[in-house]
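So the chains spell out like this:
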Amino acid sequence: MNERTVAVLAGGLSHEREVSLRSGRRLAAALREAGASVREWDVDAALVERLRTDPPDAVAIALHGGEGENGSVQAVLELLGVPFVGTSAPACRRAWDKPTAKAELARAGLHTPDWVALPHTTFRALGAQAVLDAMVDRLGLPLMLKPDQGGSALGAQVVTERAELPAAMVSCLAYADTVLAERFVAGTEVAVTVVHDGEEPRALPPVEVHAAGGVYDYTARYTPGAATFHCPPRLDATTLATLADTALAAHQLLGLRDVSRTDAVVDADGRAQILEVNVSPGLTETSLLPTAVRAAGMKLGDLYGALVERAVARG
């Protein structure tokens, strides 16, 4: 890494800008500790010119939400021929759209909570209350309502009563035009990071999440002390192995590359129910990927240094 120049992309204009900046600062510091020459670049109108006139050896993406995870920035990097750590643009688009990803996972036989995704126009055209009633009749209560695209649990709410549905729907629609309603699955919430820093992708130690407020929402994710983490999780060895296999299967099925994080709930029957798969996991002081990296006996900078070398080798 002593001879590598790495541009860390963070910020941007998504709802998750501030979280992304925190991830970027931490990643930049870790890469510098590993010996890289690091540039910290915001994603703005100057980015393309910077990449053209002063190209780094590779880009490390610490963007969350919007263009950083939906494949847009990745597509520009591919157009410019700049090596980058992370998933290709087409696979980013597939994972970013939660209903699309869930459908692929379900077709492959992986478990994911039953769901329906409906755009705002459907509620307007057919009557919001009638559609919400049909949703409850089909999926039952409680429900998890979330935007069909996005991260950091922004706009996501658990709904236990029919009367709560309209407000929860409005909250979702503040972040996306389509509402994803999932059957709420009670159980142990776990995140599994997959990295491809060697010959084959591998799962890092799973991290169990226990939110003090009962729901691992935006506040619980980014407020120190609002959630407790257990690594390894308080689960038996067979379930832990199942979680690793599930995360690896999701990573490969969706065509992901270098690094991903699968969020799941282990239900009462011991099944790993996939909630979503993230192509740009958070790297803040309260994020789950750094916890898994430490549990694996690694340093964040060394891991991303290896991923940078893979990106450069791909060209």
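Below, the structure is looked at part by part.

Conventions we followed
Residues numbered from 1 in each chain as written. Predicted model: local features only at pLDDT ≥ 70, side-chain atom pairs only at ≥ 80, totals over all residues. Heavy atoms only, no water. Buried < 20%, exposed > 50% of the residue type's maximum accessible area, 1.4 Å probe, protein only. Helix = DSSP H or I, 4+ residues; strand = E, 2+ residues; numbered from the N terminus. Pairing = 2+ DSSP bridges. Core = buried A, V, L, I, M, F, W, Y, C linked by side-chain atoms within 4.5 Å. Contact = heavy atoms within 4.5 Å.

Here we look at the pairing of strand 13 (residues 259–266)
Part 1 of the argument: The element strand 13 is largely enclosed, with a buried count of eight among its eight residues.
Part 2 of the argument: Covered by surrounding structure in strand 13 are V259, R261, D263 and V265 together with S260, T262, A264 and V266, the residues of both alternating faces.
Part 3 of the argument: Two elements, strand 9 (residues 188–195) and strand 13, share eight bridges in a ladder whose sense is antiparallel. Residue pairing across strands places V195 opposite V259, the latter belonging to strand 13.
Part 4 of the argument: Strand direction decides the pairing type here: strand 13 and strand 14 (residues 272–278), joined by six bridges, are antiparallel. Along strand 14, the bridge assignment pairs A264 with I274.

Let's talk about the nonpolar core
Part 1 of the argument: Among the nonpolar cores identified, the biggest contains 35 residues, and V8, L27, L31, Y216, L289, L300 and Y304 are the most heavily contacted of them.
Part 2 of the argument: Of all the secondary structure elements, the ones that give two or more residues to this core are strand 1 (5–10), helix 1 (17–33), strand 3 (58–61), strand 9, strand 11 (207–211), helix 11 (288–295) and helix 12 (300–314).
Part 3 of the argument: Of all the elements, helix 12 adds the most residues to this core, at six residues.
Part 4 of the argument: With sequence-adjacent residues up to four places away left out, Y216 is seen in contact with A153, E189, V209, A211, R221, A227, F229, T286 and L288.
Part 5 of the argument: One finds L118, V131, L165 and V179 within the second-largest nonpolar core, a separate group that totals 17 residues.

Quick look at the environment of G35
Part 1 of the argument: Along the chain, the position of G35 falls in the loop between helix 1 and strand 2 (37–42).
Part 2 of the argument: Residue classification places G35 among the partly exposed residues on the basis of a relative accessible area of 21%.
Part 3 of the argument: It is 28 Å that separates the C-alpha atoms of G35 and L79, two residues lying 44 residues apart in sequence.

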